[in-house]
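Commentary on secondary and tertiary structure
Here is what each chain is made of, one letter per residue.
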Amino acid sequence: MEHPAIKPSRRTVLRGLGATAAAASPILSACSSGLKGSGDSTGNTIKIGYVSPRTGAYAAFAESDAYILKQVRAFFAKGITHDGKKYDVKILDRDTGSDPQQAATIADELISQQRVDLVLVTATPDTIHPVAAKCESEGVPCVSTIEPWQAWFFGRGGTPKKTFKYTFHFFDGIEHLARVESDMWRQHDTNKKVGVLWPNDSDGNAFRDKTTGYRAQPSTKGFTFVDPGSYEPSTKDFSSIIAKFKKEGVEILAGVPSPPDFSTFWTQAAQQNFKPTVATISKAILFESSVASLPNNLGNGLCTASWWVPQFPFTSTITGQTATALADDYEKSPLAKGRTWNQGLGPNHALFEVANHVLRNANPKDREAVAAQIGKTSLDTVLGHLSWTGGGPANPVKNVATIPMVGTQWIKGSGDAYDLKVVSNTLLPQVKPDAEAADL
């Protein structure tokens, strides 16, 4: 990761919703049934399934899909050669409509009818879990991203002793969020009392977990947590939670609410005169449209941990573009439809970097070999270094590779615009902050 810093950040324009959870039944390598690789496809064409929520509630996460797919199809048009044999490559992209049942149906179609050799899936448990469950049960290699790794691994029933054979994941974890968010807290003068918004869903439950969750992270030590208990998604009245925060003197707010739930909470908090000094919110405010939709400029000063920005000092192994060049090229493309870059661009592009590496280094028609190769992969991507081997923080469990993050703050610009400024680089010093954190 020794790279020079890249140019200052720019405004992120995205509409979008965060990831609520709907975990599918876990099927582990220790007890999974199904094809176990016995349904290997034949022929001279490698089939890659790409599954994303291009429409529906979570469409923002896949907003750059058309651009990415055009890029990677052009790259793979030359085919892939392994062990002296050349294969054509066909990418079968599918839209789940942000519906977990549709995601499961798509996975079945790709595996049973299309007989894909590898599945790539992105964005939220609602999309990822049903697809990963089907791939694990049928013995089809799968790589996923854009979901905290604890929710992906433990939420699917994984344990350090019961890992998965065919399904792999890369993304940040609660430990990264806690470190980045607590660094932003320390930039403000507060009483160190943290009120948390943890819903009753897989993300909220992962954050609340006493052993692996948010409060268990070393970076949050020294802070006092005020947990009013889990709330149900789509709650319409947060008065009791707000009253609890006010009574306890909360000056820091953290949580993983959905965009609609946070909008309801934050609007009611303003009406009831609850205004913390700093708020670090995951999931709900990843995209500018969610922030801009808050009334009375209530989005100004909100902070979030960001998993990809154009200043990341990394380069694509597919296109040779730096993160900055990738974002610039996306914005110039007619496929962007006038939108600026979004965080999903980095990890979704990196999915195809992993696919390219794996399919060139294993027999692409041998599913067990492809899965084994993913488990041995150590690769630099436009998102950063991904490693499913070696253990340590970069590979906390067998099936997971972690990524870096930076702390960012939304600052009100002209009109309805908001600028996303880097204010914390504790996990990635190569990215230079371009603003100082401001109180709400």
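The shown structure was predicted, so the numbers you read here are calculated from the model rather than taken from an experiment.

1. Concerning helix H3 (residues 125-138)
- Compared with the 20 Å implied by 1.5 Å per residue over 14 residues, the 19 Å span of H3 between its first and last C-alpha is a close match.
- Most of H3 is tucked away, with 13 of its 14 residues classed as buried.
- Note on H3: the residue one or two positions beyond its end, glycine 139, has a positive phi of about 70 degrees.

2. A few points about the state of the cysteines
- On inspection of all chains with the given rule, the structure shows 0 disulfides.
- As a non-bridged cysteine, cysteine 135 has cysteine 142 as the owner of its nearest cysteine sulfur, 4.1 Å distant.
- On the basis of relative accessibility, which here comes to 1%, the residue cysteine 135 falls in the buried class.
- Taking the relative accessible area as the measure of exposure, cysteine 142 reaches 0% and is therefore buried.

3. What to know about the packing of helix H7 (residues 239-247) against helix H8 (residues 259-271)
- Their axes nearest at 10 Å, the elements H7 and H8 cross at an angle of 55 degrees. Classed by the angle they form, the pair H7 and H8 counts as oblique. Crossing of H7 over H8 shows right-handed handedness. In this structure, H7 contributes Ser239, Ile241, Ile242 and Phe245 to the contact, and H8 contributes Phe265, Gln268 and Ala269.
- By residue class, the composition of the contact of H7 with H8 is 5 nonpolar, 2 polar and no charged.

4. Considering the confidence of the model for the chain
- Per-residue confidence for the chain gives a mean pLDDT of 90; residues scoring 70 or more make up 91%.
- Below a pLDDT of 50 lies the segment residues 1-38, which in the model reaches 148 contacts outside its immediate sequence neighbourhood of four places, other chains included.

5. So, the sheet that holds strand E1 (residues 45-52)
- Pairing is mixed across the open sheet formed by 7 strands, whose spatial order is E2-E3-E1-E4-E5-E6-E14. Edge strands, defined here as strands with exactly one partner in the open sheet, are strand E2 (80-82) and strand E14 (400-401).
- In this sheet, strand E5 (residues 142-145) lies alongside strand E4 (residues 118-122) in parallel orientation, the contact comprising 4 bridges. Residue pairing for E5: leucine 120 is matched across the bridge by valine 143.
- Most of the contacts of helix H2 (residues 100-113) go to strand E3 (residues 85-95), to which it runs at about 155 degrees, and overall it touches E1 and E3.

6. Focus: the pairing of strand E10 (residues 278-281)
- Residues Val278 and Thr280 point to one face of E10 and Ala279 and Ile281 to the other, with burial holding for every one of them.
- In terms of strand pairing, strand E9 (residues 252-255) meets E10 through 4 bridges, oriented parallel. Within E10, the position partnered with leucine 253 by the bridge is alanine 279.
- The β-α-β motif built from E9, the intervening H8 and the parallel element E10 has right-handed crossover chirality.

7. Considerations on the pairing of strand E13 (residues 384-387)
- Of the strand pairs in this sheet, strand E12 (residues 378-381) and E13 are connected by 4 bridges, and their pairing is antiparallel. In the sheet register, threonine 381 faces E13, and the bridge partner there is glycine 384.
- The turn linking E12 back onto E13 is made up of 2 residues.

8. Concerning the side chain of lysine 283
- Checked against the element boundaries, lysine 283 lands in the loop between E10 and helix H9 (288-292).
- Relative accessible area serves as the criterion here: at 8%, lysine 283 is assigned to the buried category.
- A distance of 3.2 Å separates a polar side-chain atom of lysine 283 from the backbone oxygen of valine 256.

9. Here's the deal with the packing of aromatic side chains
- Counting across every chain of the model gives 27 aromatic pairs.
- By way of ring pairs, the aromatic residues Tyr231, Phe238, Phe245, Phe262, Phe265, Trp266 and Phe274 are connected into one cluster.
- Note that lysine 192 overlies the ring of phenylalanine 223, its terminal NZ or CZ placed 5.6 Å from the centroid.

10. Focus on the nonpolar core
- One finds Phe170, Trp308 and Phe352 to be the most contacted residues of the largest nonpolar core, which totals 85 residues.
- In terms of residues, this core owes the most to one element, helix H11 (residues 345-361), which gives 8 residues.
- Within the second largest apolar cluster, 25 residues are counted, among which are Phe238, Phe265, Trp266 and Tyr418.

Rules of the game
Residues numbered from 1 in each chain as written. Predicted model: local features only at pLDDT ≥ 70, side-chain atom pairs only at ≥ 80, totals over all residues. Heavy atoms only, no water. Helix = DSSP H or I, 4+ residues; strand = E, 2+ residues; numbered from the N terminus. Expected span 1.5 Å × (residues − 1). Buried < 20%, exposed > 50% of the residue type's maximum accessible area, 1.4 Å probe, protein only. Disulfide = S-S within 2.5 Å. Axes fitted to C-alpha atoms, helices over the stretch in contact; angles between N-to-C directions. Parallel < 35°, antiparallel > 145°, perpendicular 65-115°, else oblique. Left-handed = near helix turned anticlockwise from the far one by under 90°. Contact = heavy atoms within 4.5 Å. Nonpolar A, V, L, I, M, F, W, Y, C, P; charged D, E, K, R; others polar. pLDDT = per-residue confidence, 0-100. Pairing = 2+ DSSP bridges. Right-handed = clockwise from strand over helix to strand, strands pointing away. Polar contact = N/O pair within 3.5 Å; in protein donor to acceptor, adjacent residues only side chain to side chain. Phe/Tyr/Trp six-rings, centres within 6.5 Å; stacked < 30°, edge-to-face > 60°. Lys NZ or Arg CZ within 6 Å of the ring centre and 35° of its normal. Core = buried A, V, L, I, M, F, W, Y, C linked by side-chain atoms within 4.5 Å.

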